[in-house]
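# Structural features, examined
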There are 2 protein chains.
Amino acid sequence: MGDPGGTGSSDGPGTPARRLKRPTMSDVAARVGVSQALVSLVFRNQPGASPDTRRRVFQAAEELGYRPDTAAQLLRRTRSRQLGVLFTMRQPHDVGIVEALYPAARKHGYTLVLNAMVATRGERQAMEELLGLRSEAVITIGATSSWQHLTTGATRTPIVEINPRTRAAGVDVVRTAEHKGIRQAVDHLVALGHRAIAHIDGGTMPAAAERRRGYRAAMRRHGLADHIRVHPGDYTEESGARVARDLLARAQLPTAVIAGNDRCAHGLLGTLLRAGVRVPEDVSIVGYDDSQLARLSFIDLTSVRQEAAESAELAVRAAAERLDEGRTADRDIVLDPTLAVRGSTGPPRTRSTPDGDLLR
Amino acid sequence: MGDPGGTGSSDGPGTPARRLKRPTMSDVAARVGVSQALVSLVFRNQPGASPDTRRRVFQAAEELGYRPDTAAQLLRRTRSRQLGVLFTMRQPHDVGIVEALYPAARKHGYTLVLNAMVATRGERQAMEELLGLRSEAVITIGATSSWQHLTTGATRTPIVEINPRTRAAGVDVVRTAEHKGIRQAVDHLVALGHRAIAHIDGGTMPAAAERRRGYRAAMRRHGLADHIRVHPGDYTEESGARVARDLLARAQLPTAVIAGNDRCAHGLLGTLLRAGVRVPEDVSIVGYDDSQLARLSFIDLTSVRQEAAESAELAVRAAAERLDEGRTADRDIVLDPTLAVRGSTGPPRTRSTPDGDLLR
DNA sequence: TTGAAAGCGCTAACAG
DNA sequence: CTGTTAGCGCTTTCAA
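Bear in mind that the values here come from a model prediction, so they are computed numbers and not experimental data. (Residues numbered from 1 in each chain as written. Chains lettered and ligands numbered in written order. Predicted model: local features only at pLDDT ≥ 70, side-chain atom pairs only at ≥ 80, totals over all residues. Heavy atoms only, no water.)

## A word on the domain arrangement of chain A
Interfaces are often sized by the accessible area lost when the parts come together. All names here are of chain A. One can read the domain layout of chain A as domain 1 (25–71), domain 2 (79–176 + 308–335) and domain 3 (178–301 + 342–359). Tallying the contact residues gives 11 residues for domain 2 and 12 residues for domain 3. It is Gln 91, Arg 165 and Thr 176 in domain 2 that bury the most area against domain 3; as a group they hold 53% of the surface buried on that side. Linking domain 2 with domain 3 are one salt bridge. Here Arg 175 and Glu 210 are joined by a salt bridge, their closest N and O atoms 3.5 Å apart. Inspection of the domain 2/domain 3 interface yields five residue pairs in polar contact (both at pLDDT 80 or more). (Domains from an automatic or database assignment. Contact = heavy atoms within 4.5 Å. Buried area = accessible area lost by both parts, 1.4 Å probe. Salt bridge = Lys/Arg side-chain N within 4 Å of Asp/Glu carboxyl O. Polar contact = N/O pair within 3.5 Å; in protein donor to acceptor, adjacent residues only side chain to side chain.)

Laid out in structure tokens, this is it:
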């Protein structure tokens, strides 16, 4: 092996990046003996070339190792048909949405350009790049809208925000009816006989405020206002673990806890189990997201489900409506979550303590 | 709010994608009263424009909402200075590498183009797209090299594979000395007094074969050939959970298990804990990757560490060497892992069973 | 069914 | 310091 296709070692060190030019459409055209424009036709599957020509074009392309140049296509085409995606890789549910975005985009005739938000590269810079790459619209997942000002002016790129952390005007939003999800969780626990139901919130994370409000409202609806306990947290395992340690240090545990998301629930569950607390016998736990984590056999977490595929499809559709159908009014799409009941919730143990009220 | 920047609602439905043309360099140039080329200079921070001109150019650009067009830059520039990244979002360690790739690329003057491998879009298609986007080189993470044939011919794009699943010629590889990692794990366990040390392998996943071989070799080196037990698995939590259930069904548990990666160890740990087995008192567990999972307080997994940042830096450097220094010979870069000792390993309980040998 | 020609928005080389 | 010129590789329109 070593050097297929080339007299090769004429590059020595000190010869930066002198690679053979990659073949262009004109090269293919020349080889077949047709015009370059016709080759373009063939590659775009447009009518107007004889079957024989098509065959010869493809064959020549193959022989030359020709590959269409996206930059040139993008530059010349009226539409890029690309959607930018701004996402984080650390939340399992967000990853699920990204994965679901691929088929959704394809269905609407779009292609995806990913851009991750990582610590060393803010949301803002990522958005900037996406816009430079001719994304016709940008879909953000769990972002903070801190780039709002970037997309002002005459050429406003449509933005669709999935589960945004903050609310912004002039964009489409696809989100979950968080209060309904939380209410289902509370209803489920109350139906099992729980009263002391605590909540670990998500601080400033996406949707955390609504989940917190939903929890309070649902508790009050059941006449359990006195049992409302909100423990500050975020969407990480360690915040769940920390709350677990706090709870363990107290005289009484609540009989049930609704975590801000699955990762937080995981930390709570793991820490409680380690301490010898049984789940759900001693404490019931509910997560949020119904991510892959929740479905693991040894975690088996009751969790509020938001369909990633549905969010993805609706987000792409919202973008397509602006782009292809000229919609200009903002859309606020709210999805109803459902509760996936699993093994982490069950009836509370009726304690034989003299004081009848738990965690009072 | 509703319609900032525009007389607005002249688009109605049925007017697909009629957005105002975005401003170009010429527009900026016209507004300032200089040539377009000069604006280009300014934006590239090249010498050759007066401070005053620069200021005015930037101001005009700001007012117009001008943003450089990447497609045009890419098309015209001799070099794209873009590196394609082919990755999966489901392995925590791989995500860590992607994150580390951003600063590494910037340091060498490159930009990253991400392309995820998801179920509905094979490795091959992802690689195809990356090449179309003018990536000067492609870095893959945990891939199978199934795209090998795509990059043949005269214009070979350099490929750097981080922790590949299969071995290929004509590419650079950055990988871990797996046998050393496993050996450290075995040494650590043996030093603690363990003899019955089992291994859950990773099937066809990246590096699994070498870890398996390394395990066998290390066990033999300690004269523990009779205790070699390889349980088939993969790199998911459920495979660890399944092995845990298998082990629990037997008379004797091994005193220690080395899992194929952290996710697998997590499944093993979680399932054993649920069954009332204590870790590390009854069973010690070692993971592999030292991912964020391993560091969680309630998991606290002894694990073989591979530095994501180091892999990322070396991969970018390998690409840069080919691109900027004309290297043509393949490189095989092997990193030494270290063992991060945490709470999931400890001395085995000396059992009071008449038979002195465990799991015989 | 095919071809010619005109650019997309920018960079790079040169000339003033 | 600034302007002119010539394309990058492709799509699009118009003619043949």
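## Observations regarding the pattern of salt bridges
A full pass over the atoms with the stated rule returns 55 salt bridges over all chains. Here A:Arg67 ties to B:Glu128 by a salt bridge, and the two come within 2.3 Å at their closest N and O atoms. Within this pair, whereas A:Arg67 is found in the loop between α3 (51–64) and α4 (70–76), its partner B:Glu128 is found in helix α6 (residues 123–132), the two belonging to separate chains. B:Glu128 gets classed as partly exposed once you look at its relative accessible area, which sits at 28%. With a shortest N-O distance of 3.0 Å, B:Glu313 and B:Arg317 are connected by a salt bridge. Placement of both B:Glu313 and B:Arg317 in helix α12 (residues 308–325) is noted, with a separation of four residues, approximately one turn of the helix. (Helix = DSSP H or I, 4+ residues; strand = E, 2+ residues; numbered from the N terminus. Buried < 20%, exposed > 50% of the residue type's maximum accessible area, 1.4 Å probe, protein only.)

## Section: the protein's contact with DNA strand C
Taken together, 26 residues lie near DNA strand C, and A:Ser35, A:Arg76, B:Met25, B:Ser40 and B:Tyr66 sit nearest. Backbone atoms, meaning sugar and phosphate, form 64% of the atoms of DNA strand C found within 4 Å of the protein. B:Ser40 is positioned such that a nitrogen or oxygen atom in its side chain is 2.7 Å from a phosphate oxygen of DNA strand C. A distance of 3.3 Å separates a base oxygen of DNA strand C from a polar side-chain atom of B:Arg76. Those elements giving two or more residues to the surface near DNA strand C turn out to be α2 (36–43) and α4 of chain A together with α2 (36–43) and α4 (70–76) of chain B. (Near = heavy atom within 4 Å.)

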